[in-house]
Amino acid sequence: EPEVTQTPSHQVTQMGQEVILRCVPISNHLYFYWYRQILGQKVEFLVSFYNNEISEKSEIFDDQFSVERPDGSNFTLKIRSTKLEDSAMYFCASRNRLRRTDTQYFGPGTRLTVL
Amino acid sequence: ELKVEQNPLFLSMQEGKNYTIYCNYSTTSDRLYWYRQDPGKSLESLFVLLSNGAVKQEGRLMASLDTKARLSTLHITAAVHDLSATYFCAVVVTGTASKLTFGTGTRLQVTL
């Protein structure tokens, strides 16, 4: 069964450093999302992406964040200058474009630790 | 701003018992999802509910949706230990690009 994959599974970085989190969505999906979950808290929407552009973003997704689909398979989230409060689990999700009501399928997540 | 609240936040129940988790949301939605999350793991889709009165069942779990009350329930029948996990409801606001707004989560612990 196709699944969303994410790398790395765990990333440790120093405050102020740039990180890139990578996702490979399910191959026939064309809507892509990033969410994050701070330890013990609920899952929060960051950004949605379709047709090579951002379709919606949250207040969390400020100028320090960017997303890109550099090729036909990868979908990346970049944080330019990490802060301590960026420490969280980051989930990528994808959805089939053909049906609006389709489920979003989530990847296994990348745990980001900012020291 | 959409608010999605679940209760209870934590539920400890014995095997064999029944219980219901509630999900209230504050604005019009055209679909609601239930996800399961095991500790340290990703989110697994359980149900999608699309219309008023929708009911879906899978094994010991049954989800329903009342769009007029802006309420969804996840009913657990004869709980077993394997159901121990955190359950999230997530709402899509009508007219948005399908972003999910998650509830606070209900951590379910089923004890022997």
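Residues numbered from 1 in each chain as written. Chains lettered and ligands numbered in written order. Predicted model: local features only at pLDDT ≥ 70, side-chain atom pairs only at ≥ 80, totals over all residues. Heavy atoms only, no water.

(A) Geometry of the packing of aromatic side chains. Overall, the coordinates contain 15 aromatic pairs over all chains when judged by the stated rule. An aromatic cluster is present here, built from A:Y33, A:Y35, A:F45, A:F91, A:F106, B:Y33, B:Y35, B:F88 and B:F102 joined pairwise through their rings. (Phe/Tyr/Trp six-rings, centres within 6.5 Å; stacked < 30°, edge-to-face > 60°.)

(B) The side chain of B:S42, seen in detail. If you trace the backbone, B:S42 turns up in the loop between β4 (29-37) and β5 (43-49). Here the side chain of B:S42 touches A:G107 through a polar contact of 2.3 Å, landing on its backbone oxygen. (Helix = DSSP H or I, 4+ residues; strand = E, 2+ residues; numbered from the N terminus. Polar contact = N/O pair within 3.5 Å; in protein donor to acceptor, adjacent residues only side chain to side chain.)

(C) Fine view of the sheet that holds strand β3 (residues 19-24) of chain A. All names here are of chain A. An order of β1-β3-β8-β7 is seen for the 4 strands of this open sheet, with the pairing classed as antiparallel. Unpaired on one side and paired on the other, β1 (5-7) and β7 (65-68) mark the two borders of the sheet. Across the sheet, the mean angle from the axis of one strand to that of its neighbour is 20 degrees, orientation sign disregarded. Where β1 and β3 come together, 3 bridges link them in antiparallel fashion. Within β3, the residue paired with T5 across the bridge is V24. (Pairing = 2+ DSSP bridges. Axes fitted to C-alpha atoms, helices over the stretch in contact; angles between N-to-C directions.)

(D) Focus on the state of the cysteines. Residue and element names in this part refer to chain A. The final tally for this structure, using the stated rule, is 2 disulfides over all chains. Two residues share a disulfide in this structure: C23 and C92, whose sulfurs sit 2.0 Å from each other. Across the S-S bond linking C23 and C92, the dihedral sits near -60 degrees, which makes this disulfide left-handed. Pair noted here: C23 is in strand β3 and C92 is in strand β9 (residues 88-95), with a separation of 69 residues, a long-range link. The residues C23 and C92 share a single accessibility class, namely buried. (Disulfide = S-S within 2.5 Å. Buried < 20%, exposed > 50% of the residue type's maximum accessible area, 1.4 Å probe, protein only.)

(E) Representation of the pattern of salt bridges within the structure. Residues and elements named next belong to chain B. Evaluation of the coordinates by the stated rule reveals 3 salt bridges over all chains. Here D38 and R36 are joined by a salt bridge, their closest N and O atoms 2.9 Å apart. Relative accessible area serves as the criterion here: at 14%, R36 is assigned to the buried category. (Salt bridge = Lys/Arg side-chain N within 4 Å of Asp/Glu carboxyl O.)

Structural measurements only, silent on function.
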